[in-house]
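Observations on chain architecture
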Amino acid sequence: MTMLRACSLADLEDGKPFPVELADTPIVLVRKGDEVHALRDECTHAEIALAEGELTRKGLECWLHGSCFDLRTGAPSSPPATEPVAVYAVTVAGDDVLVDPDNRTN
């Protein structure tokens, strides 16, 4: 497992998607309270950056067609998407947010 520094924890606003690219992988980070989640920054329905969407009670919503993805599993919680997005391992070490772009948890 190779954890790479994605950003500072202070860079993440609660509930606001934050895009990064690690090892040529587009990733969107979402801070929700004390937890930080990392998902592939690409809607499985229309290949749109999820970082341009918003966090709703259903999950991270794609702005184009409204598909929502669960932050923990990447599973779509509303259509039109039917395939999950990749979810990556995240560790917070001090003020650093570390993500392993090679370690999908789903």
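Residues numbered from 1 in each chain as written. Predicted model: local features only at pLDDT ≥ 70, side-chain atom pairs only at ≥ 80, totals over all residues. Heavy atoms only, no water.

Once that is clear, we can look at the UniProt feature "domain: Rieske" (unreviewed entry) in the chain. Here the UniProt-annotated "domain: Rieske" (unreviewed entry) positions come out as residues 4-99. A helix fraction of 0% and a strand fraction of 48% characterise residues 4-99, whose end C-alpha atoms lie 5 Å from each other. (UniProt positions renumbered as here; feature names shortened; annotations may be inferred. Helix = DSSP H or I, 4+ residues; strand = E, 2+ residues; numbered from the N terminus.)

Next up on the list: the environment of Ser8. Topologically, Ser8 is positioned in strand 1 (residues 4-8). A relative accessible area of 11% means that Ser8 is categorised as buried. As a C-alpha pair, Ser8 and Val97 span 89 residues in sequence and 5.8 Å in three-dimensional space. Apart from the residues within four sequence positions on either side, Ser8 is in contact with Asp95 and Val97. A polar contact of 2.5 Å, which involves the side chain of Ser8, links it to the side chain of Asp95. (Buried < 20%, exposed > 50% of the residue type's maximum accessible area, 1.4 Å probe, protein only. Contact = heavy atoms within 4.5 Å. Polar contact = N/O pair within 3.5 Å; in protein donor to acceptor, adjacent residues only side chain to side chain.)

Attention now moves to the pattern of salt bridges. Counted under the stated rule, the structure contains three salt bridges. The shortest N-O distance in the salt bridge between Glu42 and Arg40 comes to 3.3 Å. Looking at Glu42, the relative accessible area reads 27%, which means it is partly exposed. Using a relative accessible area of 28% as the deciding quantity, one classes Arg40 as partly exposed. (Salt bridge = Lys/Arg side-chain N within 4 Å of Asp/Glu carboxyl O.)

What follows is about the sheet that holds strand 4 (residues 35-40). The strand order across the open sheet built from six strands is 1-10-9-4-3-2, with neighbouring strands paired in antiparallel fashion. The outermost strands of the open sheet, each flanked by one partner alone, are strand 1 and strand 2 (18-22). Adjacent strand axes in the sheet meet at a mean angle of 35°, parallel and antiparallel pairs treated alike. Two elements, strand 2 and strand 3 (residues 25-32), share five bridges in a ladder whose sense is antiparallel. In the strand pairing of strand 3, Leu22 is matched with Thr25. (Pairing = 2+ DSSP bridges. Axes fitted to C-alpha atoms, helices over the stretch in contact; angles between N-to-C directions.)

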